[in-house]
Each structure stands twice: as structure tokens, then as C-alpha cells.
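Topology and contacts: notes
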Amino acid sequence: MRYDKKPTVCVIGLGYIGLPTAAIIARAGCQVLGVDVDKNVVDTIAQGKIHIEEVELDGLVQGVVSRGMLHTSLEVQPSDVFVVAVPTPFGEDKAPDTSYILAATQKIAEVLKAGDTIILESTSPVGTTKKMRDMIASLRPDLKVPGLSDEAPDIAIAYCPERVLPGKILEELIYNDRSIGGITPRCARKALTFYKYFVRGECVTTDAESAEMTKLVENAYRDVNIAFANELSIISDKMGLNIWEIIKLANRHPRVNILQPGPGVGGHCIAVDPWFIVHSAPEESPLIRTARTVNDYKTDHVLGQVKHIIEQNPSAKIACLGLAFKANIDDFRESPAKKIAACLAREYGERVSIVEPYASILPTEFENTAAELIDIDKAIADCEIFVALVDHDIFKSIPLAERSNKIVYDTRGIWPDQIRNPE
Ligand SMILES: NC(=O)c1ccc[n+]([C@@H]2O[C@H](COP(=O)([O-])OP(=O)(O)OC[C@H]3O[C@@H](n4cnc5c(N)ncnc54)[C@H](O)[C@@H]3O)[C@@H](O)[C@H]2O)c1
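A quick note: this is a predicted structure, and the numbers were derived from the prediction, not measured.

Rules of the game
- By convention here, each chain's residues receive numbers from 1 onward along its written sequence.
- Local features are withheld for residues below a pLDDT of 70 in this predicted model, meaning they are given only at 70 or higher, and side-chain atom pairs are given and counted only at 80 or more; totals for whole chains, interfaces and linings count all residues.
- Here the rule is simple: two strands pair whenever DSSP picks up at least two bridges between them.
- Helix and strand assignments follow DSSP, with helices taken as H or I runs no shorter than four residues and strands as E runs no shorter than two, numbered in order from the N terminus.
- An axis is simply a line fitted to the C-alpha atoms; with a helix, the fit covers only the stretch in contact. Between two such axes, the angle follows the N-to-C directions and lies from 0 to 180 degrees.
- Any pair of residues counts as being in contact when their C-beta atoms, constructed from backbone geometry, are within 7 Å of one another.
- These domain limits were set by an automatic method or by a database of domain assignments.
- The nonpolar class holds Ala, Val, Leu, Ile, Met, Phe, Trp, Tyr, Cys and Pro. Asp, Glu, Lys and Arg form the charged class, and all remaining residues, Gly among them, are polar.
- Any residue whose C-beta atom, as set from the backbone, lies within 6 Å of a molecule or strand is reported as near that molecule or strand.
- We call a set of buried Ala, Val, Leu, Ile, Met, Phe, Trp, Tyr and Cys residues a nonpolar core when their C-beta atoms link them within 7 Å.
- A residue is called partly exposed when the number of other C-beta atoms within 10 Å of its own lies between 12 and 20, exposed at 12 or fewer, and buried at 20 or more, with C-beta atoms placed from the backbone.
- A helix is expected to span 1.5 Å multiplied by its residue count minus one.
- By construction, the arc corresponds to the directions joining the helix axis to the C-beta atoms.
- A clockwise course of the path from the first strand over the helix to the second, judged with the strands pointing away from the viewer, identifies a crossover as right-handed.
- It is the rotation of the near helix from the far one that decides the hand of a crossing: anticlockwise by less than a right angle makes it left-handed, clockwise makes it right-handed.
- In this scheme, roughly parallel covers angles under 35 degrees and roughly antiparallel covers those over 145, while 65 to 115 is roughly perpendicular and the rest are oblique.

Attention shifts here to the sheet that holds strand S7 (residues 178-182). Taken in spatial order, the eight strands of this open sheet run S3-S2-S1-S4-S5-S6-S7-S8, and their pairing is mixed. Of all strands in the sheet, those bounded by a partner on one side alone are strand S3 (70-73) and strand S8 (203-207). Across the sheet, the mean angle from the axis of one strand to that of its neighbour is 25°, orientation sign disregarded. Pairing of strand S1 (residues 9-12) with strand S2 (residues 32-35), which is carried by four bridges, proceeds in the parallel orientation. Across the sheet, the residue bridging to valine 9 is valine 32, located in S2. Sheet contacts for helix H4 (residues 99-111): S1, strand S4 (81-84) and strand S5 (117-120); angle to S4, the most-contacted strand, approximately 165°. Contacts from helix H7 (residues 185-195) reach S4, S5, strand S6 (156-159), S7 and S8 within the one sheet, and its direction differs from that of S7 by about 140°.

Next comes the structure, spelled out in C-alpha cells:
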């Protein structure tokens, strides 16, 4: 199955996933319209600039915009392929919020024509792709939709999740394998034809529900394994043991590979998606739920230990190193580092400074605090307590000579030459 010519593509949602995806599709020679509800995002990209930090994305976007391959708009317009990459947060009760997906679907329905393909890339609870299909069926009774008609359908609908690593998104968008789940096998084949324009990894077709669940399972797997490492670190703190040494030794076993503990789990994916499984099957998911609870509790555990150190050193100034949810990126969503630093700033006022090379201003959580954003040199000169919250390369490179007179609390094990003795 082939398109006669390269399809026109509308990418809806131009964030960390949608913008790199739109730019890569445009570079592959498809005419792309990027759509977002945020006017600032639309205007920034239209000028060939970017509003997020991602390695080499600026040059790529500048190139495809200047060659006229990527345009932007606040409105969805007719296209051959629609790619949906809008947010899927959870609500207060941890229930997944698919309202952004349904809002985008409504806009697609207004311009949809026979022959079009819709692909959902947002991480979604099982059944969401079919919900999109049902919405299209009710809004566009003139179109035959897949799975609801005995006749050949007019359109194709598929689910194809992202599994990219922030900081390596452009590379991984091309070289990672993809699971492509169609509402029907024909839908999966149509989506596969599209991904072949720009993906070099293996594209494996399946049904929509299996692809939806696969994405959730991948993130729950990571969360459960990190929870094991975090639980071990809490136990080791109680016993006065060095968890980094223990994990290093245990991983010498040929079939053991324990992950690294941290200050908790953050980001838009691993800290969120396991709840989609728990919400769908609450009785059957005690391990996944407990892992989420352990990883959230690790943040409180770190906070308690750091407060104890601060209170034992009442005049010392504190530098919180890092706010991002992981190393070498500017993404602060659901970040335990940001949560810990903001709590310390609220409690200890101007004694607390923040070092975050990936921020130009402090996030809103620091409003009404006296915390200052400073660079690492000023922290080394002025602060007596270092709380290492993120393993940014710049922090790892600080030599022992510049830390040896500091009281260090290292949540990431970035300085093995300076081990804190737990209480
Ligand atoms: N960031 C990651 O590393 C990552 C990895 C894998 C999967 N995902 C999933 O991809 C999806 C998108 O994540 P993201 O990180 O790109 O989010 P994001 O918040 O960076 O970007 C989403 C964009 O969608 C826009 N938007 C919201 N509603 C819209 C609508 N109705 N129409 C048009 N635009 C709309 C927002 O303004 C925003 O610019 C989520 O489901 C996420 O779980 C993210």
C-alpha cells in the first residue's frame, strides 16, 4: 500500500513530542502543518524558532520552516494524515484526562475526508483510540469508519505511541522500533506506510488496544524497577549502609541489574502512566500501585533527611543542584527535584539558592520565596550545604577539591568519592 505522492500531514500538539515529530516528517519531504492551541507556540515556530530545549531541534526546525515544509496554525486544516500528540495528564483522583485528545478529534472531524488516516501518539488509557473512532462516527455519519461498517471504511485510525528519551529525541524518533496498533489490520497497514517515510527502526503492527497497553506497560516496568532501587536506598539509610556500593556489587551478579535510586520519579510519563493501568484494573494492580507510592514517598524521605541536616547547621547556606526531572534536559514537569527545592525555599527562605543551568528563571513554584537562581561558581563560593538533586553533567564534573569543605547530600550518587554517612 502506497500513497501516490507524499501525504500532507497535520501534527496536532507541538510540544516535546509533536514538534520534533513534525520537523522530522517535514525533513522527510512531507508538507506539514503544525497545530497548537497556544498562540505563542504557533508564532515562535512560524519564525523558525523553538520554545523547548532539545538537542539539535533548533537547527532542524529553522531549516524546515525556511524551506516552507513546516507551517503552523491555531486551526486544524485538511490533510491526508493527522498525528495527535496532545497532553494526557491525570486528574485529582489519578483518572486519566483524555479531554485534550477528544478536543483534537472534534477539530479533525470538521475537516476529515475519505482516504485520510488519523494516528494517536499521546500516551493513552486502553480504549482511547476506539473512543476517537466512535466520536468521528457520531460527528461524521457521512464517512464509513473502521470496525463499525461491513463495507470498506473511508478512513484509517491507528495508535502509535512514542518511547523517545528526552535529549535524544531526534535520533530515537528515527531509530527506535515502533508498535503500530490499528483499529483494524488495514488501519495498521496504512499507518505503517506513513511511518516508513521517516522511521528506520522496525515498525511492528498490532491492534490498537495492545499498542495502548504496551506503552503503559513499558513505563510501569521502569517505575516498578526504580521503586525497588528507591526502597533499597531507604532501607540502607536506616541501616547506615552505602546503597551505591551495594548496588554496584549486586550488579556484578550476571542476572541482576538494579537501577539507580534518586529523589523520586518525575516527568510526564513514568510518574503518570502507571496510574492509567491502576485506574483501569485497581484490584489487579497492587504491585504497580505500590511502586508509585514508594517512588512518591522517596521524595518525602529525601526532604526529611535534608531538613535534618539543615537544622543541624543553622547558619549554613544551602545550594539545591538541579530542578529537572532527569539529567541534561530543561523539562521540570512532575519533577521531584523541583518539589524538594521549592519546599526548602519556602521553609528556609533566603538561605536557599537554586542552581539549574537549564533554567533562565525559577519556575512558578518559587514565587513568594526568597530563593535565587545562581550559577554553580557562586554556589561553590557561597554555600556550605550541597543538595544534589539532578545528575546534570556540569554537576558531575565538580572535583572533590571544590566539594570537600561542603556538607553534601547526594540523591543521585554523582560523587562516589564523597559518600554521605546516613544518620
Ligand atoms: N515528553 C516525552 O518525553 C513523552 C514521551 C513519550 C510519550 N509522551 C506523550 O506524548 C503526549 C504529548 O506529550 P508532550 O510531552 O509533547 O506534551 P507537551 O505538553 O510538551 O505538548 C503538548 C502540546 O499540545 C498542545 N495542545 C493541547 N491541547 C491541544 C489541542 N486540543 N489542539 C492542539 N494543541 C493542543 C499544548 O499547547 C502543548 O503545546 C503525552 O500523551 C505524553 O504522555 C511524551
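What follows covers the domain arrangement of the chain. Here the chain is described as being made up of domain 1 (9-201) and domain 2 (243-410). Domain 1 and domain 2 are separated by 33 Å when their C-alpha centres are compared. The partner domain 2 presents 14 residues to the 12 residues of domain 1 that form the contact. Grouping the amino acids of the side of domain 1 that touches domain 2 by side-chain chemistry returns eight nonpolar, two polar and two charged.

Looking at the ligand, there are 26 residues lining it, with Gly13, Gly15, Ile17, Ser122 and Thr123 nearest. Counting residues per element, the shell around the ligand draws most heavily on H4, at three residues. Its residues assigned to classes, the shell around the ligand shows 16 nonpolar, seven polar and three charged.

What follows covers the nonpolar core. Counting 58 residues, the largest nonpolar core has Val11, Ile12, Val84, Ile119 and Ala158 as its most contacted members. Sort the elements by how many residues they give to this core and helix H1 (residues 18-27) lands first, with six residues. What isoleucine 119 contacts, discounting residues up to four positions off in sequence, is Val81, Phe82, Val83, Val84, Ala158, Cys160 and Ala191. Judged by nonpolar contacts, the second largest core, of 38 residues, contains Val306, Ala342, Leu344 and Val352.

Locating leucine 232 in the fold gives a position in helix H8 (residues 208-239). Here the alpha-carbon distance between leucine 232 and isoleucine 361, two residues 129 residues apart in the chain, equals 35 Å. Excluding its chain neighbours within four sequence positions, the residues that come into contact with leucine 232 are Ile243 and Pro261.

In a regular helix each residue adds 1.5 Å, so 12 residues correspond to 16 Å; helix H5 (residues 128-139) covers 16 Å between its end C-alpha atoms and thus fits that length. When we look at burial in H5, the residues that qualify are Thr128, Thr129, Met132, Arg133 and Ile136. One side of H5 holds all its buried residues, which, seen down the axis, span an arc of 150°. In this structure, the buried side of H5 is in contact with H4, S5, S6 and H8.

A few words now on the pairing of S7. Of all five residues in S7, five are buried, a share of seventy percent or more. Both S6 and S7 contribute to a ladder of two bridges, which runs antiparallel. Across the sheet, the residue bridging to alanine 158 is glycine 182, located in S7. Bridge count for S7 against S8 is five bridges, and the pairing is parallel. The partner of isoleucine 180 across the bridge, within S8, is threonine 205. The handedness of the S7 to S8 crossover, carried by H7, is right-handed.

This brings us to the packing of H4 against H5. Two elements in contact, H4 and H5, have axes whose closest approach is 10 Å; the angle formed by their N-to-C orientations is 35°. Helix-helix and strand crossings are classified by hand; for H4 and H5 the assignment is right-handed. Of the residues in H5, those touching H4 at Ile101, Leu102, Thr105, Gln106 and Ala109 are Thr128, Met132, Met135, Ile136 and Leu139.

The strand order across the open sheet built from five strands is S11-S10-S9-S12-S13, with neighbouring strands paired in parallel fashion. With one partner strand each, in any of the chains shown, strand S11 (372-373) and strand S13 (407-410) form the two edges of the open sheet. Relative to strand S12 (residues 385-388), strand S9 (residues 318-321) runs parallel, the two sharing four bridges. Considered in S12, the bridge of leucine 321 is made with alanine 388. Running at roughly 175° to S13, helix H11 (residues 286-312) makes contact with S9, S12 and S13 of the sheet.

This part is about the packing of H8 against helix H10 (residues 273-280). Close contact between H8 and H10 brings their axes to 8 Å; oriented N to C, the two are set at 110°. Here H8 is positioned roughly perpendicular relative to H10, judged by the angle of their axes. For the pair H8 and H10, the contacting residues are Leu216, Asn219, Ala220 and Asp223 in the first and Asp273, Pro274, Phe276 and Ile277 in the second. Across the contact of H8 with H10, the residue classes break down as five nonpolar, one polar and two charged.

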